[in-house]
Amino acid sequence: AQRVTQPEKLLSVFKGAPVELKCNYSYSGSPELFWYVQYSRQRLQLLLRHISRESIKGFTADLNKGETSFHLKKPFAQEEDSAMYYCALCDYTGTASKLTFGTGTRLQVTL
Amino acid sequence: DGGITQSPKYLFRKEGQNVTLSCEQNLNHDAMYWYRQDPGQGLRLIYYSQIVNDFQKGDIAEGYSVSREKKESFPLTVTSAQKNPTAFYLCASRYRGGGYTFGSGTRLTVV
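Below, the structure is looked at part by part.

Another aspect to go through is the overall build of chain B. From N to C terminus, chain B includes zero helices and 11 strands. Beginning at the N terminus, the succession of helices and strands in chain B can be written as β-β-β-β-β-β-β-β-β-β-β. Taking 13 Å as the expected radius of gyration for a compact globule of 111 residues, we find that chain B reaches 13 Å, a close match to that expectation. The C-alpha extent of chain B, read off along each of the three principal axes, is 40 × 25 × 25 Å. In chain B, buried positions account for 50% of the 111 residues. Partitioning the intrachain contacts of chain B with sequence separation of at least 6 by distance along the chain shows that 51% fall at a separation of at least 24. Accessible area for chain B stands at about 5400 Å²; split by element, carbon and sulfur atoms hold 47% of it. Put simply, chain B has 13 plus and 10 minus side-chain charges, and the middle of one group is 4 Å from the middle of the other.

The next thing to look at is the sheet that holds strand 1 (residues 4-7) of chain B. All names here are of chain B. Strand order in the open sheet formed by four strands is 1-3-8-7, with antiparallel pairing between adjacent strands. Of all strands in the sheet, those with a lone pairing partner are strand 1 and strand 7 (64-66), marking the two edges. Strand-to-strand twist in this sheet, taken as the mean axis angle between neighbours without regard to direction, amounts to 20°. One ladder, built from three bridges, connects strand 7 with strand 8 (residues 76-78); its direction is antiparallel. Considered in strand 8, the bridge of Tyr-64 is made with Val-78.

Moving on, we get to the sheet that holds strand 8 (residues 72-74) of chain A. Residues and elements named next belong to chain A. With antiparallel pairing, three strands are arranged side by side in an open sheet as 3-8-7. The sheet is open, and its two borders are formed by strand 3 (19-21) and strand 7 (60-61), each paired with just one other strand. Judged from the two bridges that link them, strand 7 and strand 8 form a sheet pairing that is antiparallel. Directly across from Thr-60, in strand 8, lies its bridge partner Lys-73.

In this section: the packing of aromatic side chains. Scanning the entire structure with this criterion turns up 14 aromatic pairs over all chains. Taken together, a centroid distance of 6.2 Å and an interplanar angle of 90° make the contact between Phe34(A) and Tyr100(B) edge-to-face. Of the two residues, Phe34(A) is situated in strand 5 (residues 32-38) and Tyr100(B) in strand 10 (residues 100-102); the pairing between them involves two chains. The pair Phe34(A) / Tyr100(B) is uniform in exposure class, with both members buried. Ring geometry for Phe101(A) versus Phe102(B): centroids 6.0 Å apart, planes at 70°, classification edge-to-face. Here Phe101(A) is found in strand 10 (residues 96-101), whereas its partner Phe102(B) is found in strand 10 on a different chain. Taking relative accessible area as the criterion, Phe101(A) reaches 7% and is therefore assigned buried. Pairwise contacts between aromatic rings join Phe34(A), Tyr36(A), Tyr86(A), Phe101(A), Tyr33(B), Tyr35(B), Tyr48(B), Tyr100(B) and Phe102(B) into one cluster. If you follow Arg68(B) out to its NZ or CZ, it ends over the ring of Phe74(B), 6.0 Å from the centre.

How each quantity is defined
Residues numbered from 1 in each chain as written. Chains lettered and ligands numbered in written order. Predicted model: local features only at pLDDT ≥ 70, side-chain atom pairs only at ≥ 80, totals over all residues. Heavy atoms only, no water. Helix = DSSP H or I, 4+ residues; strand = E, 2+ residues; numbered from the N terminus. Rg over C-alpha atoms; globule rule 2.2 N^0.38 Å. Buried < 20%, exposed > 50% of the residue type's maximum accessible area, 1.4 Å probe, protein only. Contact = heavy atoms within 4.5 Å. Areas by Shrake-Rupley, 256 points an atom, 1.4 Å probe, with all protein chains shown as cover. Lys, Arg positive; Asp, Glu negative; His and termini not counted. Charge placed at Lys NZ, Arg CZ, Asp CG, Glu CD. Pairing = 2+ DSSP bridges. Axes fitted to C-alpha atoms, helices over the stretch in contact; angles between N-to-C directions. Phe/Tyr/Trp six-rings, centres within 6.5 Å; stacked < 30°, edge-to-face > 60°. Lys NZ or Arg CZ within 6 Å of the ring centre and 35° of its normal.

Written out as structure tokens, the structure reads:
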């Protein structure tokens, strides 16, 4: 069965420091992975999708199939990056698809 | 203004009562989903539907029921059989091959 693991519940970094939010997955097929972000009092929104290979708000994530990881990185943290971050994997069964989420990591950026 | 709307924002339920949470989307998305969000547990899938008049159980379907009579609507009923219904409920929709769009959520509290 598919599984997404985010080992850190809370990550606290100083403004300007590099950020790495860890995500590991287990999936028997070719994975489709996402990072979602939830800012305080706002709805969950898509941050990154691995197949698009975009950089959003300075964040990047590379799929490493050998290590089954999809870590989220940013070279210099900003205060506005403080939020809850969820890694998610899309599981396909025939024509149906569903997202499996990790338990989330709260990023706290302090001055 | 296209989007996904959940109502009500806050809902209070007495023990033994059934309550229905509304989810409507005007994005013309085929698939719709219900997730439950609890602190420290991330988002867990309750039910999902790929097409009208068809839906599947997710990981924590017990005590919940859904219907999908229209493409735009996917209401969730929390029944009295759900032993721990106090949570934040999120609805989502997806266009085939696209990303997921989330609603702003309903916070259900048992009083």
